[in-house]
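This is what each chain is made of:
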Amino acid sequence: MAANNRTVWYFRALIAIAALALLLAWRFIPPVTTFIDHSVSAFMAVDQHGVERFIQSYGSLAAVVSFLLMIFQAIVAPLPAFLITFANASLFGAFWGGLLSWSSAMVGAALCFYIARILGRDVVEKLTGKTVLNGMDGFFERYGKHTILVCRLLPFVPFDPVSYAAGLTSLRFRHFMLATGLGQLPATIVYSWVGSMLTGGIFWFVSGLLILFALTIVIVAAKTFYQEKHKRNC
């Protein structure tokens, strides 16, 4: 027990040092300051083309920058990840852009999971907000072990708070990652397909959301039908 507590404190100290290092880099290293400030500005403007231009400006490192952006938005939960997915599809194509978005989202989800598991609920509430986290608790109470898959399939459930909330439960990491990987695929495919054809109008964006919503309804309906049939047979 003492060894486990010591390990937790080591991880907490490591995260605190990393956060402090990032803060100092943002304050005193101009390239880091520019990267973070421009990232936040593009996100807050909800400007897909702004995010795209920002990623593209790094040339051969564009994919690396996109990967880091996805992780950055994962930790800072309110930032919209779909902007990066759209930008990736536009810059790298539907397949490679989708693969980049999916893999970086998985890494971001894993980081959120372990931040919550190591640092606890108080820190998570500061990152996501108490109301949002309480809402996630409601999903876990309702769906139990299926929560991650259900939430990943629902387009209106925010991605990052689910990852944080999962880290506060007894859910095993491998089960969390498996459900996240499977559940995130439909959204990534749709957003990447839409992003590869997006020309600035809202039409394809709305079309993608409708397709994703329809897919969600089909899956939820099929699951409900299966559960009811199973109960009748029992």
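Residues numbered from 1 in each chain as written. Predicted model: local features only at pLDDT ≥ 70, side-chain atom pairs only at ≥ 80, totals over all residues. Heavy atoms only, no water.

Draft legend 1. Examining a nonpolar patch on the surface more closely. Where nonpolar side chains cluster on the molecular surface, the patch consists of Leu149, Leu178, Leu182, Leu185 and Ile189 and spans about 460 Å² of accessible area. When residues in the nonpolar patch are grouped by element, the largest group, 4 residues, is from helix α11 (residues 173-197). Mapped onto the elements of the fold, Ile189 is located in helix α11. (Patch = residues over 30% accessible without salt bridge, like charges linked within 9 Å, V, L, I, M, F, W, Y side chains within 5 Å. Areas by Shrake-Rupley, 256 points an atom, 1.4 Å probe, with all protein chains shown as cover. Salt bridge = Lys/Arg side-chain N within 4 Å of Asp/Glu carboxyl O. Helix = DSSP H or I, 4+ residues; strand = E, 2+ residues; numbered from the N terminus.)

Draft legend 2. View of the packing of aromatic side chains. Throughout the structure, instances matching the rule amount to 8 aromatic pairs. Among the aromatic residues, those joined into a ring-pair cluster are Phe113, Tyr114, Phe173 and Phe176. (Phe/Tyr/Trp six-rings, centres within 6.5 Å; stacked < 30°, edge-to-face > 60°.)

Draft legend 3. Just the pattern of salt bridges, in detail. Scanning the entire structure with this criterion turns up 2 salt bridges. Arg121 is paired through a salt bridge with Glu125; the nearest N and O atoms lie 3.3 Å apart. Taken together, the positions of Arg121 and Glu125, both in helix α7 (residues 121-128) and 4 residues apart, correspond to about one turn of that helix. Taking the shortest distance from any N to any O, the salt bridge between Asp137 and Arg121 comes out at 2.5 Å.

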